[in-house]
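What follows is each chain in one-letter form.
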Amino acid sequence: MTFRSLLVLGGSGFIGGHVIAKLAQTDWRVIVPTRHFEDAKHLLELTSVDDVIEADIHDDAVLDQLVRGQQAVINLVGILHSRPGSPYGPDFAKAHVELPRRVTAACAANGVPRYLHMSALGAARDAPSMYLRSKADGEIAAFSQPSVATTVFRPAVVFGEGDHFLNMFASLQRFLPVMLLAGAEAKFQPVYVEDVAQAFVDALLNERTIGKTCELAGPKVYTLRELVRLAGEYSGHRRPVIGLPEPLARFQAMVLEHMPGQPLITRDNLDSMKVDNVASGPIDPELWLDDLVALESVAPYYLTGRKPHTGVDVVHTRSGR
Ligand SMILES: NC(=O)c1ccc[n+]([C@@H]2O[C@H](COP(=O)([O-])OP(=O)(O)OC[C@H]3O[C@@H](n4cnc5c(N)ncnc54)[C@H](OP(=O)(O)O)[C@@H]3O)[C@@H](O)[C@H]2O)c1
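Below: a short report on this structure. (Residues numbered from 1 in each chain as written. Predicted model: local features only at pLDDT ≥ 70, side-chain atom pairs only at ≥ 80, totals over all residues. Heavy atoms only, no water.)

1. Here's the deal with the state of the cysteines
- For the coordinates displayed, the defined rule picks out zero disulfides.
- The closest cysteine sulfur to the non-disulfide-bonded Cys107 is located on Cys214, 18 Å from its own sulfur.
- According to the relative accessible area criterion, Cys107 is buried, its value standing at 0%. (Disulfide = S-S within 2.5 Å. Buried < 20%, exposed > 50% of the residue type's maximum accessible area, 1.4 Å probe, protein only.)

2. A word on helix α11 (residues 295–302)
- Counting buried residues along α11, seven of its eight residues qualify, which places the element largely inside the surrounding structure.
- Those residues of α11 lying buried are Leu295, Ser297, Val298, Ala299, Pro300, Tyr301 and Tyr302. (Helix = DSSP H or I, 4+ residues; strand = E, 2+ residues; numbered from the N terminus.)

3. Brief notes about the layout of surface pockets
- Estimated volume of the second largest pocket: approximately 310 Å³.
- Around the second largest pocket, the lining comprises 16 residues; the ones closest to its centre are His81, Ser82, Arg83, Glu257 and Thr266.
- Secondary structure elements with two or more residues in the lining of the second largest pocket: α4 (90–110), α9 (246–257) and α10 (267–272).
- The residue makeup of the lining of the second largest pocket, split by class, is five nonpolar, four polar and seven charged. (1 Å grid on protein atoms, 1.4 Å probe; cavity = no way out; pocket = protein on both sides within 12 Å on 5 of 7 lines; lining within 4 Å. Points joined across faces, edges and corners; volume = space filled by probe spheres on them. Nonpolar A, V, L, I, M, F, W, Y, C, P; charged D, E, K, R; others polar.)

4. A few points about the nonpolar core
- Counting 75 residues, the largest nonpolar core has Leu6, Ile74, Phe153, Leu166, Phe169, Phe200 and Leu295 as the members making the most contacts within it.
- Per-element tally for this core: the top contributor is helix α7 (residues 193–203), with seven residues.
- For Phe200, the residues in contact, after removing those within four places along its chain, are Val19, Ile74, Leu76, Leu116, His117, Met118 and Phe153.
- Grouped together as the second largest cluster of nonpolar side chains are 20 residues, Leu66, Val67, Ala95 and Tyr115 included. (Core = buried A, V, L, I, M, F, W, Y, C linked by side-chain atoms within 4.5 Å. Contact = heavy atoms within 4.5 Å.)

5. Some points on the pattern of salt bridges
- Here the structure, examined in full by the defined rule, presents 17 salt bridges.
- A salt bridge links Asp64 to Arg68; the shortest N-O distance between them is 2.6 Å.
- Here Asp64 falls in the partly exposed class, since its relative accessible area comes to 23%.
- Overall, Arg68 belongs to the partly exposed group, its relative accessible area being 48%.
- Note that Arg225 and Glu185 form a salt bridge whose closest N and O atoms lie 2.8 Å from each other. Residue Arg225 is located in helix α8 (residues 224–235), and its partner Glu185 is located in the loop between β8 (179–181) and β9 (187–188); the two are separated by 40 residues in the primary sequence.
- Several salt bridges share partner residues, and in doing so they unite Glu246, Arg250, Asp271 and Lys274 into one network. (Salt bridge = Lys/Arg side-chain N within 4 Å of Asp/Glu carboxyl O.)

6. Focus: the packing of helix α1 (residues 14–22) against α7
- Orientation of α1 relative to α7, taken along the N-to-C sense of each, is 60°, at an axis distance of 9 Å. Considering their axes alone, α1 and α7 lie oblique with respect to each other. You can see that α1 and α7 cross each other, and the crossing is right-handed. Residue-level contacts link Phe14, Ile15, His18, Val19 and Lys22 of α1 to Val193, Glu194, Val196, Ala197, Gln198, Phe200 and Val201 of α7.
- Of the residues contributing to the contact of α1 with α7, the split by class is eight nonpolar, two polar and two charged. (Axes fitted to C-alpha atoms, helices over the stretch in contact; angles between N-to-C directions. Parallel < 35°, antiparallel > 145°, perpendicular 65-115°, else oblique. Left-handed = near helix turned anticlockwise from the far one by under 90°.)

7. Things to note about unusual backbone geometry
- The step from Ser86 to Pro87 runs through a cis peptide bond, and the omega angle for that step is 0°.
- Here Pro87 lies in the loop between β4 (72–75) and α4.
- Although it is not a glycine, Trp288 sits at a positive phi angle of roughly 65°.
- Assignment of secondary structure puts Trp288 in the loop between α10 and β14 (291–293).

8. Remarks on the pairing of β4
- Burial of β4 is two-sided: the residues Ala72 and Ile74 facing one way and the residues Val73 and Asn75 facing the other way are all buried.
- Here four bridges tie strand β1 (residues 4–9) to β4, and the two strands are oriented parallel to one another. Counterpart to Leu6 in the pairing with β4 is Ala72.
- In terms of strand pairing, β4 meets strand β5 (residues 114–118) through three bridges, oriented parallel. Across the sheet, residue Asn75 finds its bridge partner in β5, namely His117.
- Note that the unit made of β4, α4 and β5 has a crossover that is right-handed. (Pairing = 2+ DSSP bridges. Right-handed = clockwise from strand over helix to strand, strands pointing away.)

9. A word on the sheet that holds β1
- Taking strand neighbours across the sheet as the criterion, the seven strands line up as β3-β2-β1-β4-β5-β6-β11 in an open arrangement whose pairing is parallel. With one partner strand each, in any of the chains shown, β3 (49–54) and β11 (213–216) form the two edges of the open sheet. Neighbour to neighbour, the strand axes of the sheet diverge by 20° on average, direction disregarded.
- Packing of α7 onto the sheet brings it into contact with β4, β5, β6 (149–155) and β11, and relative to β5 it is tilted by some 160°.

Set out below in C-alpha cells:
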C-alpha cells in the first residue's frame, strides 16, 4: 500500500490525539513535531504515526524541512492565554497568526497542496477577546496562499475523553465545596471530539470543503451553569453552583492570573464569554457529519473512567438543528 504523508502541528494535544488515532484507518501517515518529545512520545504507539520529532516550528528553516514532501498539513496549534496587547497579545500573535502565515508560506514554497487550519467558533476581528480576535487574523493568514487549498474549522468548545473543559469542572468539584462560577449564563454548544476529528480526516480528501470556513458545534445549547452541573453529576461530586456577578468574576480572574502556572481562567477568557459560543446555523452538509454525538451519551463514562456497558452506545442526533 502507498501511504500519503501528513504533518500535524499541535498533534500532541487533546484534539490532535483523536485526529491522529482516527487516521489509523486511512492511508495517511503522520509526522508530529512537538516542543517536548517526552510528553508526546506515546503517539508513536499509534499505527498512523511515522515519527514524533522535537522541533521548533517557529523557526522557518525547521518548518521548511518539516513541510517538504508532505501531501497535506493540519495545524491544531492553539493557546488560551497570552500576555496582553492590542488587538491581541504577543503570544496569541505568535501561535495563532504568525504561525499559520509561515506554515502556509512554507506549504506554497514546497508545493504542499492541502492545509487544514483550526480556528474557533466566534472568531472575529471585532470580537470581545484577544483570543477570538487573534483566531480571526489566523484565518486570514490561513487563506493567504492561493496555491494552497485551505479549509478552516471553527469548533465550539470540544468535549470527549481527555478534554480540558468538562474534566476541569469535574476535578474542581472533587475538592471544592461550592462552585463560584464566572459567566454562568453564557451559552455553549459543545461538540464531540470524535466528530471534530472525523471532520478533519474527511476534509483531507473532500475537495468540496476547500476555501470554506466550517463551524463545528454539537446538537444542543447549554448555559455554562448547566454544563458545570452535568460535570459534577457525572463525576459523582455535584456541588452547588453560584454565579458570580461580573465585577467579582473579573476580580477572581485577575487573582487567578497572578497565581503560578497556567491560570484556571483569565479576564480574556471572560471576555470570550461575552458572546454566546453557539453556531450560526446547521453544520455544513459537505462535511458529511450526518450524526452528532450527544454530550449526555459519552460524558458520564469518560468523566468517571468507566466504559459504556455492552449494548449502550453513543446517542447520535441529526445535525439539522
Ligand atoms: N479544546 C477545545 O475546546 C477547543 C475549542 C475550539 C478551538 N480549539 C482549538 O483547537 C486547537 C487544539 O486544541 P486542543 O484542545 O487540542 O489544545 P491542546 O490540548 O492544548 O494542544 C495544543 C497543541 O498545540 C501545541 N502548542 C501549544 N502552544 C504552542 C506553541 N507556542 N508553539 C508550538 N506549539 C504549541 C502543543 O504542542 P506541544 O506542547 O507538543 O509542543 C499541543 O500539541 C487549538 O487551536 C484550539 O484553539 C479547541
